[in-house]
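# Examination of the molecular architecture
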Amino acid sequence: MQEALTLAAFASKVIIVQRAGALTGQACYRDRVNAQQNIEIRFNTVVTAILGESTVTGLRTHSASGGNCDLEVAAVFAYVGLQPNTEFVKNEVTLDPSGRIPTDGFMRTKLPGICAAGTVRSRSPHRAVSAAGDGASAAVTLDRYLADGAWPFYDSARDGAGPGEHG
Ligand SMILES: Cc1cc2nc3c(=O)[nH]c(=O)nc-3n(C[C@H](O)[C@H](O)[C@H](O)COP(=O)(O)OP(=O)(O)OC[C@H]3O[C@@H](n4cnc5c(N)ncnc54)[C@H](O)[C@@H]3O)c2cc1C
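What you see is a predicted model, and the numbers here were worked out from it, not measured in a lab. (Residues numbered from 1 in each chain as written. Predicted model: local features only at pLDDT ≥ 70, side-chain atom pairs only at ≥ 80, totals over all residues. Heavy atoms only, no water.)

Within the largest apolar cluster, nine residues are counted, these being A4, L5, A8, V14, I16, L23, V33, I39 and I41. Counting residues per element, this core draws most heavily on helix α1 (residues 2-8), which supplies three residues. Look past the residues within four positions of V14 in its chain and what remains in contact with it is A4, L7, A8, N38, I39 and E40. (Core = buried A, V, L, I, M, F, W, Y, C linked by side-chain atoms within 4.5 Å. Buried < 20%, exposed > 50% of the residue type's maximum accessible area, 1.4 Å probe, protein only. Helix = DSSP H or I, 4+ residues; strand = E, 2+ residues; numbered from the N terminus. Contact = heavy atoms within 4.5 Å.)

What follows is the structure, given as structure tokens:
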């Protein structure tokens, strides 16, 4: 919705193709999107193809009620990629209900020697800068682990306070 609002200031029309039957973001953005005259929302719809040879000329969509539909558009902004790719560790680490990996504040998982960083991590703020910070923290944690072999995983969900000094 933030991206659609930004684009709506420059484009004559913005179409949001939304898989779900409603907008699920923050209410303040929902209100602004709903009030924006040049934003149209197609609910319960998925994109199946981007059309065009050297440039984008259209978008093919599909919905259960309307079937296939070709829209004439000049550009596509893909806002996808929020699904964490954690399938490969699910047998090693218990994932949270969203499929993300629980860690303590030092990026440790409960499995000694395994850290998680960035958006695969539970309660990630989903920002590039925090992902980079997580990576730096994980590197320090693993450097210490390799030096002393200690892995005092702290279950922050249990009582909400940090363990104090690192490792
Ligand atoms: C549409 C969109 C817009 C966003 N806009 C912003 C924004 O404006 N500002 C902001 O700060 N953040 C934004 N974010 C969030 C930001 O992109 C992420 O927080 C950041 O990219 C997370 O970094 P990461 O390293 O955790 O994951 P990613 O950047 O997703 O990197 C993970 C990498 O791991 C690779 N990978 C996955 N599985 C495996 C595997 N099994 N083996 C090997 N490699 C694997 C992937 O190919 C990928 O290269 C946005 C995210 C999305 C999806």
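Residue M107 is not a glycine yet carries a positive backbone phi of 70 degrees. Within the secondary structure, M107 is located in the loop between β5 (67-72) and α3 (128-148). With a phi angle near 60 degrees, H126 is a residue other than glycine that sits in the positive phi range. A relative accessible area of 32% means that H126 is categorised as partly exposed.

Take the sheet that holds β5 next. Strand order in the open sheet made by the three strands is β3-β4-β5, with antiparallel pairing throughout. Edge strands, defined here as strands with exactly one partner in the open sheet, are β3 (45-51) and β5. Neighbour to neighbour, the strand axes of the sheet diverge by 25 degrees on average, direction disregarded. Summarising the sheet, strand β4 (residues 58-63) and β5 pair through six bridges and their orientation is antiparallel. Bridging from a neighbouring strand, T61 pairs with C69 of β5. (Pairing = 2+ DSSP bridges. Axes fitted to C-alpha atoms, helices over the stretch in contact; angles between N-to-C directions.)

All right, on to the layout of surface pockets then. Think of a ball as big as a water molecule: rolled over the atoms, this probe shows where empty space is left. What the largest pocket holds in volume is close to 2000 Å³. Along the walls of the largest pocket sit 45 residues, with M1, I16, F77, A78 and Y79 positioned nearest its centre. Of all the secondary structure elements, the ones that give two or more residues to the lining of the largest pocket are α1, β1 (14-17) and β3. Within the lining of the largest pocket, the residues separate by chemical class into 27 nonpolar, twelve polar and six charged. The residue makeup of the lining of the largest pocket includes at least three contributed by each of domain 1 (2-72) and domain 2 (87-157). (1 Å grid on protein atoms, 1.4 Å probe; cavity = no way out; pocket = protein on both sides within 12 Å on 5 of 7 lines; lining within 4 Å. Points joined across faces, edges and corners; volume = space filled by probe spheres on them. Nonpolar A, V, L, I, M, F, W, Y, C, P; charged D, E, K, R; others polar. Domains from an automatic or database assignment.)

When their charged atoms lie close together, side chains carrying opposite charge are able to pair. Throughout the structure, instances matching the rule amount to six salt bridges. Here K13 makes a salt bridge to E40, at a shortest N to O gap of 2.7 Å. Of the two residues, K13 sits in the loop between α1 and β1 while E40 sits in strand β2 (residues 39-42), which places them 27 residues apart along the sequence. The class of K13 is partly exposed, set by a relative accessible area of 49%. Classification of E40 by relative accessible area gives partly exposed; the value is 23%. One salt bridge in this structure joins E40 and R42, with 2.8 Å as the shortest N-O distance. Each of K13, E40 and R42 takes part in a single network of salt bridges with overlapping partners. (Salt bridge = Lys/Arg side-chain N within 4 Å of Asp/Glu carboxyl O.)

Checked against the element boundaries, S122 lands in the loop between β5 and α3. S122 gets classed as buried once you look at its relative accessible area, which sits at 10%. The contacts of S122, once residues within four sequence positions are left out, are D96, R100, I101 and P102. Of note is the side chain of S122, whose polar atom sits 2.7 Å from the side chain of D96. (Polar contact = N/O pair within 3.5 Å; in protein donor to acceptor, adjacent residues only side chain to side chain.)

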